Amino acid sequence: MNNTRRATLIWSLGAVIFSLIGIYIATSSNGVWYSIVSAVILFLAGAAFAARAVLTLRSSS
């Protein structure tokens, strides 16, 4: 496995992990504002990781 594919895999796994934790926090927040804010921050981190994974994958082609 070359370094570009490995980097893409790592960024993708980070996106999945941050998004799943964000979903878990959002569904169990019970309307508490700081839990909702932390879920949004985790979603944004997941989106940033996913964008980086796409950029890494596109640079390999």
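Cut-offs applied
- Sequence order sets the numbering: in each chain, residues are counted from 1 along the sequence as written.
- Where totals are concerned, whole chains, interfaces and linings use all residues; where local detail is concerned, this predicted model gives features only for residues with pLDDT of at least 70, and gives and counts side-chain atom pairs only at 80 or more.
- As a rule here, side-chain values cover all heavy atoms of the structure and leave hydrogens and water aside.
- Under the scheme used here, helices are H or I runs from DSSP no shorter than 4 residues and strands are E runs no shorter than 2 residues, and both carry numbers assigned from the N terminus.
- Multiplying 1.5 Å by the helix residue count minus one yields the expected span of that helix.
- Buried residues are those whose accessible area, probed at 1.4 Å on protein chains only, stays under 20% of the maximum for their type, while exposed residues exceed 50% and partly exposed ones sit between those limits.
- Only heavy atoms matter for contacts: two residues are in contact if any of them lie within 4.5 Å across the pair.
- What qualifies as a polar contact is a pair of N or O atoms within 3.5 Å, subject to a donor-acceptor requirement within protein and to the restriction that residues adjacent in sequence count only when both atoms come from side chains.

Draft legend 1. Structural detail: helix α1 (residues 3–27). With 25 residues, α1 should reach 36 Å at 1.5 Å per residue; the first-to-last C-alpha distance of 36 Å fits that figure. For α1, the complete set of buried residues consists of T8, G14, A15 and G22.

Draft legend 2. Here's a closer look at the environment of T8. Structurally, the position occupied by T8 is in helix α1. Taking the C-alpha atoms as reference points, T8 and T56, 48 residues apart in sequence, are found 5.7 Å from one another. In contact with T8, not counting residues within four places along its chain, are A53, T56 and L57. Engagement of the side chain of T8 in a polar contact is seen with the backbone oxygen of T4, the distance being 2.9 Å.

On their own, these measurements won't tell you what the molecule is for.
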